[in-house]
Every structure is written in C-alpha cells, then in structure tokens.
Amino acid sequence: MTRRPCAIYAVGVTCATLLVVGIALVLGQVFVTLMHNRLKKEIVLVEGSRVFESWKRPPPPVYMEYFFFNVTNPDEFLKGAKAKVNQVGPYTYREYRYKDNVTMVKNGTMVSAYNTKSFVFMRERSVGDPAVDNITTVNIPAWAVMNKVKGFFQTTVVSFKMSSVGSGVFTTRTVDELLWGYEDALLNNLAQSNTEIDPIFGLMYKKNGTHSGEFIYHTGEQNYMDYGRVETWKGQRALTFWTTNQSNSINGSDGSAFHPLLKKNERIYIFTPDLCRSIYMEFEKVVDVKGIPAYRFTPPRSVLASKEENPANEGFCVTPEQCLGTGLLKVSPCRNGAPVVASFPHFYLGDTKYVAAIEGMSPEREHHQTYLDLNPTTGVIVRANKRAQVNVLINRITGFPITRGLNETIFPVMFINESVVIDDASVARVQKLLLIVTLVSHFPLIFVGLGAIMLVVLIILLLRARKQKTTAEDDTSYSPVSDKEKDDPQNGTYIGLTPTTDQQA
C-alpha cells in the first residue's frame, strides 16, 4: 500500500470516528447531563455551597416603595357619593433582609432560619417627608372594632366610645404614623378594659427589624426540585386560616430561592405570610437583564379569581356569604378579624366594578403587575417586582349611625412595590457560571467540528488522488512507430507505445 492511500485511509477512519463520537455525545446529551448534575449538587442550601452565603444575605439591594391613596371627598362619600382618591408616593425605603439563626436540622437534610427585615428611609427616592406629609384614608382601627363587636349592648358601647373620642370612618395621619404606628384613641380607650388590645396601630407596626416566624426549608440535596421549598412555617406544615386543605397548603419557596433548570411549562409556587396563603406564577416571556437571559413568571388572573371562575379558590371564602369577586382576597382570618382585603395595585386583574367604584383607579400592566425574572439555568433572581394593595371592606353596619349612608365598597388604602435588580458583582459571577455551563455542554460539538474538518480534508485528498490518476492515464497513448512499419506487408502493422507530442512542435 503506497503512502497516499494510507493517508487517505487514516483520515477517513479519523473523520468517521470523530463524527460518530461527536454526534452520539450530542444526541445522548452526555455533557449536558453531566453539567446539569453538577449544578444540582452545587446549588444546595448547605455550608460551603456556591449559593449558601448569598441565600443568607442576598447582595442585591431591595427597595420597598409605598403609595397611598389620599381621599379628597370624605364628607361627600359618607353621604353616598362616589369616592375620589389621588395616589401619593412613592415613599421609598431600602430594605435589608437576612436569614437569622440559620441551623441545619433533621440530620442536615433541612435548614431552619428566620427571615429578618429592616427598613431605612431614602429621601432621594421619595416624593416627600413621611414625618410631615398627611394622608386622609380609611380609619382601619375603627372598622376593625366595628366588625368585631356583636350584640346590641357591645355595639351601643363601642358606638358611644367612638363618638366620645372622635373616631370616625376616615382619619388623617402622617405617612410615618400610618406605616410604623400611632396610638389610636379608640384602641387606647378599649385597651383600658382589655389588656389584649394593643393601642398602637400601623400598617408596618412591629415589622421593622423583626421576622415573620421560623421557616424550615429543604436543602435540595435529595431532590433539586425541592431546593428552597418551605417544609414548615411556625412549626406548621399547613395553615388553619381557610376552609379547605388545598387552600391551607404551604407550597413552594418563600420567594427568595428557586430551583435550577427551570422550564417554561412549570408552575412556580410561593408561600407569602403577608397574604396568609401560597400563590403560583406561570411563564410569560423571555427577557434579558444586564446580559443574563431570564424567564419572566407572573401570577395569572386565576390566582385571585372568584370561585365561579376558579372553583379551587372556594376555600378562600371566609364564609359562603363573604366570597368576593375576581381580583380580591379577604385576609381577615389572619388579621384578627379586621376587614382587610388584598389585591393587586389599582385592582389590576380584578373585576372592572371595583375599578369603577373608586374615582382615581387606573390599572396598568407596566406599573401594577407582579413578576419574577429568573435565570432558567441557575434559578437566580435577576429582577423582581412584588406589588400588592391593601384595601378595607366598608359597608353599612347595624348599630353604627356613621355608616348608614354607605354602600359596600372595597376601599383602597395603599399599595407596595418591593423591587430588586441583580447587582453587577452578582452579574459577573452568574455570567461566569453560565459560560462554563455553555462551554462544557457544547464540548461534543468540538468532536463534530473536527470530524467535519477531517471530512473536508478527506474529500480534498480523494479529489487530488483521482485527478492524479486521470493525468497518468492521459500521459500514455497508442500511435504507430512509423509510416514504413505501418505498411510493412511482412510484419503487418506495428503499434508502438510512444509518448504523445505536441502537434505544433
């Protein structure tokens, strides 16, 4: 075998080997599986893991914005007119959050922690001074008391006390007072005969520098899908506020951690103590945040749909007679009976009747939608906006003359926007990890590429070999030796092999 056929044979074998191995690795997803298994082992809630420290103390800055609805016609509303409000805000606070008392439990398969939050006011991001700016809004303590008392005697006593201390349907307070607490005259009066009543009321009272109870989380070591999933809250595997097991279920994470390798068709569950329930979010679209690809998940309309639209929500009805329409959730069972109703800002995704009942409501997707942008490979939050509105259900209550002119109304008090965008240092770490994942996952393509190159080389060698063979054949031709020999009768015709010469020579 000559040197050239040997080279062609070697190139052919190498080409076939590289292509077969490369294609087999690509089709078998060998390196992709290898990389995914590596991610599943590294993204776990255990000491020394890639994510444990950032889970305990998230580095990206979180901002909490408060928007209030200032009532501009309280007297007219009490006489039956349509309420008019104007939005005031934001009053922005930097939110510092960290996991406290982190302890491995149940033989290291789970981790216990307390989610502590504290807030610091940021004047440069706010519209005014919360210690000075006044807001006229629903008097929540008065409505809580009026809804709490039962019977003619109690109602008469409370009605008299409200009159004596000047407690009405509405109140005017500073933003600081509404958020962090003030001494309410009615509550203070009632507390003198009932020590269980706290005379201080505030929407964020006792929520600065405090936690919402002990959480126990799955580490994700046994099953990566359980990464960050809440096992118990305050020692309970399920809630007791609602009327069905499904509604009382504690599902998903607490919103601070999500498992890696997310898929577009999956439903993400989040347990929210502020709403006293679990909610779910579904994929909406692919977005890009600081160069990091992300899946956007948002809560669909069905999350807060009425029981007619979504029968699974029937368990959130306080009583069959107290089932509210789409877009609302009455959270009084976990608010000591206060007639508090949760919704999305400006009744976004809610029935239009709630929007129409209040002049000043204007739901917009861009400003009022809640969403999570998650990197699908790592599950890291790259951007998020959690938006929720606090409302009060006000209506005519027997025994309280000040309510006689009222119709049932879901009255907006304020809404929050809790936002976060991944910081640049975290962006660099995530991009580095994604680059490694991409390179390792696409490593088999190197075999395919080399195989393709060798295939081109093989084709070139085959073409050159064929050309040289054709040239060699053309260089040899048949011609008579001479005219004499051609006509020699004795010897016949002789055919001699002579090189072909140029006819012009």
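The preceding data block contains the structure.
Residues numbered from 1 in each chain as written. Predicted model: local features only at pLDDT ≥ 70, side-chain atom pairs only at ≥ 80, totals over all residues. Heavy atoms only, no water.

Caption draft 1: Broad picture of the overall build of the protein chain. Helix and strand counts for the protein chain come out as 14 helices and 20 strands. Here the protein chain holds 505 residues, and the buried ones make up 44% of them. Of all intrachain contacts in the protein chain linking residues separated by at least 6 positions in sequence, the fraction that spans at least 24 positions is 65%. Of the roughly 26500 Å² that the protein chain leaves accessible, carbon and sulfur atoms contribute 55%. (Helix = DSSP H or I, 4+ residues; strand = E, 2+ residues; numbered from the N terminus. Buried < 20%, exposed > 50% of the residue type's maximum accessible area, 1.4 Å probe, protein only. Contact = heavy atoms within 4.5 Å. Areas by Shrake-Rupley, 256 points an atom, 1.4 Å probe, with all protein chains shown as cover.)

Caption draft 2: Structural view of the pairing of strand β1 (residues 62-71). Most of β1 is tucked away, with 10 of its 10 residues classed as buried. Sheet topology note: the β1/strand β18 (residues 409-421) ladder contains 7 bridges and is antiparallel. Bridged to Y66 within β18 is I416. Strand direction decides the pairing type here: β1 and strand β2 (residues 83-105), joined by 9 bridges, are antiparallel. (Pairing = 2+ DSSP bridges.)

Caption draft 3: Examining the pattern of salt bridges more closely. One pass over the full model with this rule turns up 20 salt bridges. Ionic pairing is found between D424 and K290, a salt bridge with its closest N-O pair at 3.1 Å. Here K290 lies in the loop between β11 (277-289) and β12 (292-298) and D424 lies in helix α12 (residues 424-441), a separation of 134 residues in the sequence. A relative accessible area of 42% means that K290 is categorised as partly exposed. (Salt bridge = Lys/Arg side-chain N within 4 Å of Asp/Glu carboxyl O.)

Caption draft 4: Just the packing of aromatic side chains, in detail. Here the structure, examined in full by the defined rule, presents 22 aromatic pairs. Ring geometry for Y93 against W180: centres 5.5 Å apart, planes inclined by 75°, an arrangement best described as edge-to-face. Residue Y93 is found in strand β2, and its partner W180 is found in helix α7 (residues 175-180); the two are separated by 87 residues along the sequence. Accessibility expressed as a relative area gives 21% for W180, which makes it partly exposed. Pairing F215 with Y217 gives two aromatic rings, centres 5.7 Å apart and planes at 10°, and the pair type is stacked. Taking the relative accessible area as the measure of exposure, F215 reaches 1% and is therefore buried. A relative accessible area of 0% places Y217 in the buried class. Here the aromatic residues F52, W55, F215, Y217, W233 and F271 are joined through ring pairs into a cluster of three or more. (Phe/Tyr/Trp six-rings, centres within 6.5 Å; stacked < 30°, edge-to-face > 60°.)

In short, the description is geometric, and any link to function would need to be established separately.
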